[in-house]
Amino acid sequence: MRPDLNITYLMCSRLIHDLAAPLSAISIGLDMLPKNDTPDSPQTILQYSVNSAINKLELLRCLSGHTNSSQRPAFSDAVRIINKSIDLDKFHIDWLCRIEDSLSGDAVRLIVAIILITIDSLPRGGKISIHPDFSIEATGSYVKPNEEVIDALTGKATAGNLTSRGIIGYLAYLLSQNLGTKVMHTFSQSNQIIFHFD
């Protein structure tokens, strides 16, 4: 039985809502403390961690939230959220495609999911390029796509044998099915993988 994506989105929206308020309160509380910009101070470490958690919630909302609108997330919102969510010391992301909001909803969710899979394929960091045709290329000194994720992405896995590691791949597979496309991948070089849509 194929899971209902809308139920998944609603559960994620509830989780995001419940976590966002306390995280925001912690952030406000930290801002009220005497300023201490020392990199290893408890305040700096806590603020970094809270900001990271808030960014991840925004990314989750982009991937599975906005249940009340088929036109959201907009592509420009997704670009902004991804840019501030990734580790810029580890990854460089190059948007070679046009950033316009004619692309929205499930199409944007699918691109976000593939970018997350791409990041996971670069354990040592590297460069991610989103090309004009929205194919997504990852290059780095060590490129290793996770087999479970790839199996889920290509429809070889079922909901019953998934783990938390493969769930993004399976979500991308379901989104591609809804959009009437397939996600293909080319892994012809040890330092490069390309995801594209057929």
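Scroll up a little and you will see the structure.
Colleague: What am I meant to see in the overall build of the protein chain here?
Modeller: In terms of helices and strands, the protein chain carries six helices and five strands. Shown N-terminal to C-terminal, the secondary structure of the protein chain runs as helices and strands in the order α-α-α-β-α-β-β-α-α-β-β. With respect to the principal axes defined by its C-alpha atoms, the protein chain has extents near 55 × 40 × 35 Å. Within the protein chain, buried positions represent 40% of all 198 residues. For the protein chain, the share of sequence-separated contacts (at least 6 apart) that also reach a separation of at least 24 residues comes to 60%. Summing over all exposed atoms, the protein chain offers an accessible surface of approximately 11,100 Å²; the carbon and sulfur share of this is 55%. Between the averaged position of the 17 positive side-chain charges in the protein chain and that of its 20 negative side-chain charges there is a distance of 2 Å.

Colleague: Which parts of the structure should I look at to understand the environment of Ile167?
Modeller: Along the chain, Ile167 falls in helix H6 (residues 167-179). We classify Ile167 as partly exposed; its relative accessible area is 41%. Taking the C-alpha atoms as reference, Ile167 lies 9.0 Å from Leu153; in sequence the two are 14 residues apart.

Colleague: Help me understand the packing of aromatic side chains in this model?
Modeller: Aromatic ring pairs are reported here in terms of the distance separating the ring centres and the angle at which the planes meet. In this structure the tally under the stated criterion is three aromatic pairs. Where Phe75 meets Phe134, the ring centres are 5.7 Å apart and the plane angle is 80°; that geometry is what we call edge-to-face. You can see Phe75 sitting in helix H3 (residues 75-85) and its partner Phe134 sitting in the loop between strand E2 (126-130) and strand E3 (136-139), a full 59 residues away along the chain. Each residue in the set Phe75, Trp95 and Phe134 is aromatic and connected to the rest through ring pairs, giving one cluster. Above the plane of the ring of Tyr142 lies Arg124, whose end atom (NZ or CZ) is 4.5 Å from the centre.

Colleague: Quick question: what am I supposed to make of the sheet that holds strand E1 (residues 91-95) here?
Modeller: Strand order in the open sheet made by the five strands is E1-E2-E3-E5-E4, with mixed pairing throughout. A strand with exactly one partner marks an edge of an open sheet, and here the two such strands are E1 and strand E4 (183-189). Ignoring which end each strand starts from, the neighbouring axes of this sheet average 15° apart. In this sheet, E3 lies alongside E2 in antiparallel orientation, the contact comprising four bridges. Note that in E3 the partner of Lys127 across the bridge is Thr139.

Colleague: In this structure, what is going on with the pattern of salt bridges? I would like to understand it.
Modeller: Any two side chains of opposite charge can pair, so long as their charged atoms come close to each other. All chains considered together, the criterion is met by seven salt bridges. The residue Glu100 makes a salt bridge to Arg98 at a minimum N-O spacing of 3.1 Å. Taking the relative accessible area as the measure of exposure, Glu100 reaches 31% and is therefore partly exposed. What makes Arg98 exposed here is its relative accessible area of 63%. Across the salt bridge formed by Asp120 and Arg165, the nearest N and O atoms sit 3.2 Å from each other. Taken together, the residues span a long stretch of sequence, with Asp120 in helix H4 (residues 106-120) and Arg165 in the loop between helix H5 (147-153) and H6 at a distance of 45 residues. Overall, Arg165 belongs to the partly exposed group, its relative accessible area being 44%. In the salt-bridge network here, residues are joined through shared partners; they are Glu58, Arg80 and Lys84.

Rules and cut-offs
All residue numbers refer to positions counted from 1 along the written sequence of the respective chain. Since the coordinates come from a predicted model, pLDDT governs what is reported: local features require at least 70, and pairs of side-chain atoms require 80 or more to be given and counted, while whole-chain, interface and lining totals use all residues. Calculation of side-chain values draws on the structure's entire complement of heavy atoms; hydrogens and water are dropped beforehand. A run of H or I in DSSP becomes a helix once it reaches four residues, and a run of E becomes a strand once it reaches two; helices and strands are each numbered from the N terminus. Relative accessibility decides the category of a residue: with a 1.4 Å probe and only protein chains considered, values under 20% of the type maximum give buried, values over 50% give exposed, and everything between is partly exposed. Every residue pair with non-hydrogen atoms within 4.5 Å of one another is taken to be in contact. Where accessible areas are quoted, they stem from the Shrake-Rupley method and a 1.4 Å probe; at the residue level, only the protein chains shown are allowed to cover. We treat Lys and Arg as the positive residues and Asp and Glu as the negative residues; His and chain ends play no part in the count. Where a charge sits is defined by one atom per residue type, namely NZ (Lys), CZ (Arg), CG (Asp) or CD (Glu). Note on aromatic contacts: the rings of Phe and Tyr and the six-membered ring of Trp form a pair at centre separations within 6.5 Å, being stacked when their planes are under 30 degrees apart, edge-to-face when over 60 apart, and tilted otherwise. The criterion is that NZ of a Lys, or CZ of an Arg, lies within 6 Å of the ring centre and within 35 degrees of the ring normal, and then a charge sits over that ring. Pairing between strands requires that DSSP locate at least two bridges from one strand to the other. In this analysis an axis means a line fitted to C-alpha atoms, helices contributing only their contacting stretch, and an angle means the value between N-to-C directions, from 0 to 180 degrees. For this analysis, a salt bridge means a side-chain nitrogen from Lys or Arg found within 4 Å of a carboxyl oxygen belonging to Asp or Glu.

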